[in-house]
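# Inside the fold
Chain by chain, the residues run as shown.
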Amino acid sequence: MEIIKKMNIPASVFYDQVMDSVLFDIRKHTGKSLTRKQLNNFEYVKEFSKNSRARIKVEKLVENTSYHFRTSTTKNDFLVQYDIKPLDEKSCEIRYNEKMESYGFLQKMNDAVLGTILMFFKKRQFTKMLKMMEESF
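Rules used in this analysis
Residues numbered from 1 in each chain as written. Predicted model: local features only at pLDDT ≥ 70, side-chain atom pairs only at ≥ 80, totals over all residues. Heavy atoms only, no water. Helix = DSSP H or I, 4+ residues; strand = E, 2+ residues; numbered from the N terminus. Pairing = 2+ DSSP bridges. Axes fitted to C-alpha atoms, helices over the stretch in contact; angles between N-to-C directions. Contact = heavy atoms within 4.5 Å. Salt bridge = Lys/Arg side-chain N within 4 Å of Asp/Glu carboxyl O. Buried < 20%, exposed > 50% of the residue type's maximum accessible area, 1.4 Å probe, protein only. Phe/Tyr/Trp six-rings, centres within 6.5 Å; stacked < 30°, edge-to-face > 60°.

## With respect to the environment of Asn110
- On the secondary structure map, Asn110 appears in helix H2 (residues 105-135).
- Through-space distance from the C-alpha of Asn110 to that of Tyr67 is 29 Å; in sequence the pair is 43 residues apart.

## A closer look at the sheet that holds strand E2 (residues 43-49)
- Reading across from one edge, E1-E6-E5-E4-E3-E2 is the order of the six strands in this open sheet, with antiparallel pairing throughout. Single-partner strands in this sheet number two, and they are strand E1 (2-7) and E2. Between one strand and the next, the sheet's axes are offset by a mean angle of 20 degrees, whatever the strand orientation.
- Direction of pairing for E1 relative to strand E6 (residues 91-102): antiparallel, over a ladder of six bridges. In the strand pairing of E6, Met7 is matched with Cys92.
- Each of E1, E2, strand E3 (52-62), strand E4 (66-72), strand E5 (76-88) and E6 is contacted by helix H1 (residues 11-30), which is oriented at about 70 degrees to E2, the strand it contacts most.

## Concerning the pairing of E3
- Direction of pairing for E2 relative to E3: antiparallel, over a ladder of six bridges. By the bridge assignment, Tyr44 is partnered in E3 with Ile56.
- Count of turn residues in the E2/E3 antiparallel hairpin: two residues.
- If you look at the hairpin formed by E3 and E4, you'll find three residues sitting between the two strands, and Asn64 has a positive phi there, around 60 degrees.

## Description of the pattern of salt bridges
- For the coordinates displayed, the defined rule picks out nine salt bridges.
- Put simply, Arg36 and Asp16 hold a salt bridge, and the shortest N to O gap is 2.9 Å. With Arg36 in the loop between H1 and E2 and Asp16 in helix H1, the pair connects residues that are 20 residues apart, well separated along the chain.
- For Arg36, a relative accessible area of 23% corresponds to the partly exposed category.
- Between Glu98 and Lys122 there is a salt bridge whose closest N-O contact spans 2.4 Å. You can see Glu98 sitting in strand E6 and its partner Lys122 sitting in helix H2, a full 24 residues away along the chain.
- Residue classification places Glu98 among the buried residues on the basis of a relative accessible area of 13%.

## Structural notes on the packing of aromatic side chains
- Under the definition given, this model contains seven aromatic pairs.
- Clustering of aromatic rings is evident, with ring pairs tying together Phe14, Tyr67, Phe69, Tyr82, Tyr96 and Phe126.

Quick look at the structure:
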């Protein structure tokens, strides 16, 4: 899934909002208070429920330009990429890319069927989130 959207906020503001969210999530799931400089290649485990958890690894972090991370479970591997391109002092272009690799034939089939259905809702939810970020500026 790829979404490209022009935002009416500076690239630095968008990046700050994403980083605040990342640092909050890490603190919530690990108890560690990190700085942005400590994030590159940082890995942690996030528990979703008693029987569901994932390993999250920050793979690329470039100030005001990109944030890439990988979420790995026993069933799937998700790569999420935020690439930010400043257009001028007041706007930027966000390129969001999400790729998923499923493990095992049955999981691949299940994800292919559900993925098609859920993709519409994910795109809509993500676009809504971007709009809220823009409005909060």
